[in-house]
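Read off the chains here:
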Amino acid sequence: MVVNMLCMSVIPAAVSAEQVTQVATAATTSDTTKASVSKVPSPDTLGLAVKSAVLMEASTGQILLSVNADQAYAPASMTKMMTEYIVSEKVKQGEFSWDDIVTVKKNASLSVGSRIFLAEGDQHTVKELYIAMAIGSANDATVALAEYVAGSEEEFVKLMNAEAKRMGMNDTHFINSTGLNRSDMPEEFRPEDERETVMTAKDVATLTRYIVQDHPDFAEFTSLQSYDFRGKDKIINWNWMLEANKDITNFKQYAYEGLDGMKTGHTSDAGYCFAGTAERDGMRLISVVMGAKTQPARFTETKKVLDYGYNNFEVKQVVAGKTTVTGAETAPVSKGKEATVPVVTEEAVNFIVPKGTESFEPEFTTNFAGETLEAPIEAGTKAGTITYTYKVEGMDEVQEQTVNLVTSEKVEKAGWFRLMFRGIGDFFGDMFDSIKNLF
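What you see as residue numbers is a count from 1 along each chain, following the sequence as written. Totals for whole chains, interfaces and linings use all residues, but because this is a predicted model, local features are given only for residues with pLDDT of at least 70 and pairs of side-chain atoms are given and counted only at 80 or more. Neither water nor hydrogens contribute to the side-chain values; these are computed over all heavy atoms in the structure.

Undergrad: Break down the pairing of strand β19 (residues 382-391) for me, citing the residues and quoting the values.
TA: Within β19, nine of the 10 residues are buried, which leaves it mostly tucked inside the rest of the structure. When strand β17 (residues 363-367) meets β19, the two strands line up antiparallel, connected through five bridges. Residue pairing across strands places Phe 364 opposite Tyr 388, the latter belonging to β19. Paired strands are those between which DSSP finds at least two bridges. Only DSSP runs of H or I reaching four residues or more are called helices, and only runs of E reaching two or more are called strands; each is numbered from the N terminus. Note that β19 and strand β20 (residues 398-407) share nine bridges and pair antiparallel. Note that in β20 the partner of Ile 386 across the bridge is Val 403. Where β19 folds back on β20, the antiparallel hairpin that results is connected by six residues, among which Gly 394 adopts a positive phi of roughly 105°. Summary of the burial criterion: residues with accessible area below 20% of their type's maximum are buried, those above 50% are exposed, and those between are partly exposed, where the area comes from a 1.4 Å probe applied to protein chains only.

See the structure below:
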């Protein structure tokens, strides 16, 4: 694969870290404007009947479609995905298990809307309540889990907002664990804050991506078509688009190949919402639609969004991990037996490209600023970074990915004798250059 080089492969030791940063920044700024490749269709051609929508590729986080995706709206029960994430994290960290018993408190028993009619004092496992929340959108099960994790829903909401901030969900605010309007919460458990829960489509997609990446077993819950709660009360999954529904009479017209999650939502303020995720041919997409007018519409509009992604895009590898990049083969070393050391990419770099693209030429810059290597050095030591940029015509964003350049060999420290003669050689070399420049 041919890669255009924009700046130096090795930064001389005499160049300061500040100079390196300036050069790399200038290269990135000037070159992102001239990168261009094949064009993709405009999302406007889809005619989406929703308030907002977004499409994200899960492995890169790249936005492929955006319609009012940064506008905050009521998310309804898509809020529960943050509750799901926190509970799953607590189990993953060993703070409690799926088999722990939860005793239902008053707040949960008073929940309205979608629910499994829990009574105060009822006892169920974390797993049972989690499934009721994930596929049946049960508000009472959700509150019961929130209170189990943090002691009260109010304290749990603090965890939710802290996680949202950590994830970069800058336009999200939670007031409860469920997505219910403030007025629909039990009066004695309402927050003093008059605000409501809001999220943007982009933030919902970001949260979904965290679930997919941090908890790849999510589909063990979200792809369940139904669940027998209490051994007799059947909970039906609100997600009609599950691929598993392809043989179900009432749902097969909505079933989507590869779709295994994630969460529906509906209130009068939010309209009908859906965060969906599907995987085909090794590419996982995340779609979010908010404010559809009917329950079926949230799925038909989601199909348009996902089809747009699978019909027009694919993931291509720019460079594999542990690869030597032409033009960025070595990094300088001080006090070593060798003056430079070979470097390779620490991990692979992938970009989203128009489907059918045979070859493409992303541009890159290298930066060794602030990573001065002094022997002895072990293999795998960070030596610098390499940043690739790529622009698809028809997409608003320039794709960018930075990975570390790491040493592929170890370098032993040189003895004083070798260092002395190297210093003498450098001195006379610099003096010769100075004299030469006089003529």
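Now that the structure has been shown, the text picks up again.
Undergrad: Mind laying out the pairing of strand β15 (residues 340-345), listing which residues take part and the relevant values?
TA: As judged from the three bridges shared by strand β14 (residues 330-334) and β15, these two strands associate in the antiparallel manner. In the strand pairing of β15, Thr 330 is matched with Pro 342. Here β15 runs beside β20; their pairing, made up of three bridges, is antiparallel. In the strand pairing of β20, Val 343 is matched with Thr 407.

Undergrad: I'd like a description of the packing of helix α5 (residues 139-150) against helix α6 (residues 153-166), backed by residues and values.
TA: Where α5 contacts α6, the axes come no closer than 8 Å and their chain directions differ by 85°. Taken as axis vectors, α5 and α6 run roughly perpendicular relative to one another. Here Val 143, Ala 146, Glu 147, Val 149 and Ala 150 of α5 come into contact with α6, specifically with Glu 153, Glu 155, Phe 156 and Leu 159. Note that Gly is not counted as nonpolar here; it falls among the polar residues with everything else outside the nonpolar set of Ala, Val, Leu, Ile, Met, Phe, Trp, Tyr, Cys and Pro and the charged set of Asp, Glu, Lys and Arg. Tallied by class, the residues present in the contact of α5 with α6 amount to six nonpolar, no polar and three charged. The axes used here are C-alpha line fits, helices contributing only the stretch in contact, and every angle between their N-to-C directions lies in the interval 0 to 180 degrees. Each angle gets one of four labels, with under 35 degrees taken as roughly parallel, over 145 as roughly antiparallel, 65 to 115 as roughly perpendicular, and the rest as oblique. Contacts are residue-level and defined by heavy atoms, with any inter-residue pair within 4.5 Å sufficient.

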